[in-house]
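Given next are the chains, with one letter for each unit.
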Amino acid sequence: MDLRSLRYFVETVRLNSFTQAAESLHVTQSTISKMVRQLEEEVGAQLLIREGRRLTLTDTGNVVYERGVEMLATMRQLATEVRDTQALERGHLTVGIPPMINLLFTPVLKAFRQRHPNITLTLQEDAGQAIERQVAQGDLEIGLTVLPADPALGLQSSPIASYPIWALAARNTFQKNRTTLKLKSLAKTPLVLLKDDFAMTRALRTAFAEAGFEPQIAAQSGQWDWLVAMASAGMGVALLPEPFIHRLAIGHLDAVKLVDPELPWQPAHVWRGTYLSHAARAWLEVCDDVLG
């Protein structure tokens, strides 16, 4: 089976579009169509049902797609391992990193570039849950998320640190001189949270369910500073990890630590399988040295 045909087919299914697949792979749409037809001839069965712009997988197509994703991930892993044995101190590493976590990594980036100037490092920003899926699919070798990661993906993980989560609200929202707040106290309080594709929000929703209540969500955003602005305006209580609290001028806000239970914000590296390239191992070593 031709791997290029398989790659074009997988990309077409993933994007559900011949046109978008062609743009993604930097080829013409006719090339994509030709390669998919070639794959169907090799398999001896129709893989896609074309209904206008809508594409539907046949039973055979579904099998080829699922196994194709695995095969392409294996080939990427093979290429990584071969490059690693040849590159020694040279190489390239792409690290998936959520916007919530990247503020912790400025000193890590500086130390990594000083220690490994021949390794090209690229940071790919995305939400934690999206990074987990990309790592599981083999699109990223290593990434960062907030624990617990999705257990269904079977990823390896290594925590970086653990910080408490704080509640921020407009001045005089909480009782005067209060320093802590029980989680159940938020049961009837409007909340402003990060979007659901953030791993932190997944962890918070799990904690709310375990505490026995459904949160009243006033608004959600992908930007933590906007959450703070909404909290300051009295729209609701924002929940943010401790490192962000230290970066804010919170004189005009109430800030209390969540307790009972105390919810840990645990950024962690995740990767797939047991093999890590030299570049990835070097990255983990620098993170450990700088962040402890």
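Residues numbered from 1 in each chain as written. Predicted model: local features only at pLDDT ≥ 70, side-chain atom pairs only at ≥ 80, totals over all residues. Heavy atoms only, no water.

Points about the overall build of the protein chain
At step 1: Helix and strand counts for the protein chain come out as 10 helices and 14 strands.
At step 2: When its C-alpha atoms are laid out on the principal axes, the protein chain stretches across 75 × 50 × 30 Å.
At step 3: Burial analysis of the protein chain (292 residues in total) assigns 47% to the buried set.
At step 4: Partitioning the intrachain contacts of the protein chain with sequence separation of at least 6 by distance along the chain shows that 76% fall at a separation of at least 24.
At step 5: A total accessible area of about 15,200 Å² is found for the protein chain, and carbon and sulfur atoms account for 49% of it.
At step 6: Counting 29 positive and 31 negative side-chain charges, the protein chain places the averaged centre of each group 5 Å from the other. (Helix = DSSP H or I, 4+ residues; strand = E, 2+ residues; numbered from the N terminus. Buried < 20%, exposed > 50% of the residue type's maximum accessible area, 1.4 Å probe, protein only. Contact = heavy atoms within 4.5 Å. Areas by Shrake-Rupley, 256 points an atom, 1.4 Å probe, with all protein chains shown as cover. Lys, Arg positive; Asp, Glu negative; His and termini not counted. Charge placed at Lys NZ, Arg CZ, Asp CG, Glu CD.)

Describing the UniProt feature "domain: HTH lysR-type" (unreviewed entry) in the protein chain
At step 1: Here the UniProt feature "domain: HTH lysR-type" (unreviewed entry) sits at residues 1-58.
At step 2: Regarding residues 1-58, the helix share stands at 62% and the strand share at 14%, and the terminal C-alpha atoms are separated by 18 Å. (UniProt positions renumbered as here; feature names shortened; annotations may be inferred.)

Some points on the pattern of salt bridges
At step 1: Counted by the stated rule, this structure contains 12 salt bridges.
At step 2: Of the charged contacts in the structure, one is a salt bridge between Arg-67 and Glu-70, with a shortest N-O distance of 3.3 Å. With Arg-67 and Glu-70 both in helix H4 (residues 59-87) and 3 residues apart, this pair spans about one turn of that helix.
At step 3: The class of Glu-70 is partly exposed, set by a relative accessible area of 42%.
At step 4: For Asp-139, the salt bridge identified is with Arg-76, shortest N-O distance 3.2 Å. Separated by 63 residues along the polypeptide, Asp-139 in the loop between helix H6 (128-137) and strand S5 (142-146) and Arg-76 in helix H4 bring together distant segments of the chain. (Salt bridge = Lys/Arg side-chain N within 4 Å of Asp/Glu carboxyl O.)

Considerations on the domain arrangement of the protein chain
At step 1: The assigned domain composition of the protein chain is domain 1 (3-78), domain 2 (88-160 + 267-291) and domain 3 (163-265).
At step 2: Averaged C-alpha coordinates put domain 1 and domain 2 at centres separated by 29 Å. (Domains from an automatic or database assignment.)

Describing the environment of Thr-179
At step 1: For Thr-179, the location among the structural elements is in the loop between strand S7 (163-170) and strand S8 (180-182).
At step 2: Contact partners of Thr-179, with chain neighbours within four places excluded, come to Val-256 and Lys-257.

Here's the deal with unusual backbone geometry
At step 1: The omega torsion across Leu-147 and Pro-148 is 0°, close enough to zero to call that bond cis.
At step 2: Structurally, Pro-148 can be placed in the loop between S5 and strand S6 (156-159).
At step 3: Omega for the bond connecting Asp-260 with Pro-261 falls within 30 degrees of zero, at 0°, which places this linkage in the cis form.
At step 4: Mapped onto the fold, Pro-261 is located in the loop between strand S12 (253-259) and strand S13 (264-265).
At step 5: Of note, His-26 is a non-glycine position whose phi angle comes to about 60°, a positive value.
At step 6: Following the sequence through the fold, His-26 ends up in the loop between helix H2 (18-25) and helix H3 (29-43).
At step 7: When its relative accessible area of 72% is taken as the criterion, His-26 is described as exposed.
At step 8: Although it is not a glycine, Asn-172 sits at a positive phi angle of roughly 70°.
At step 9: By the element assignment, Asn-172 lies in the loop between S7 and S8.

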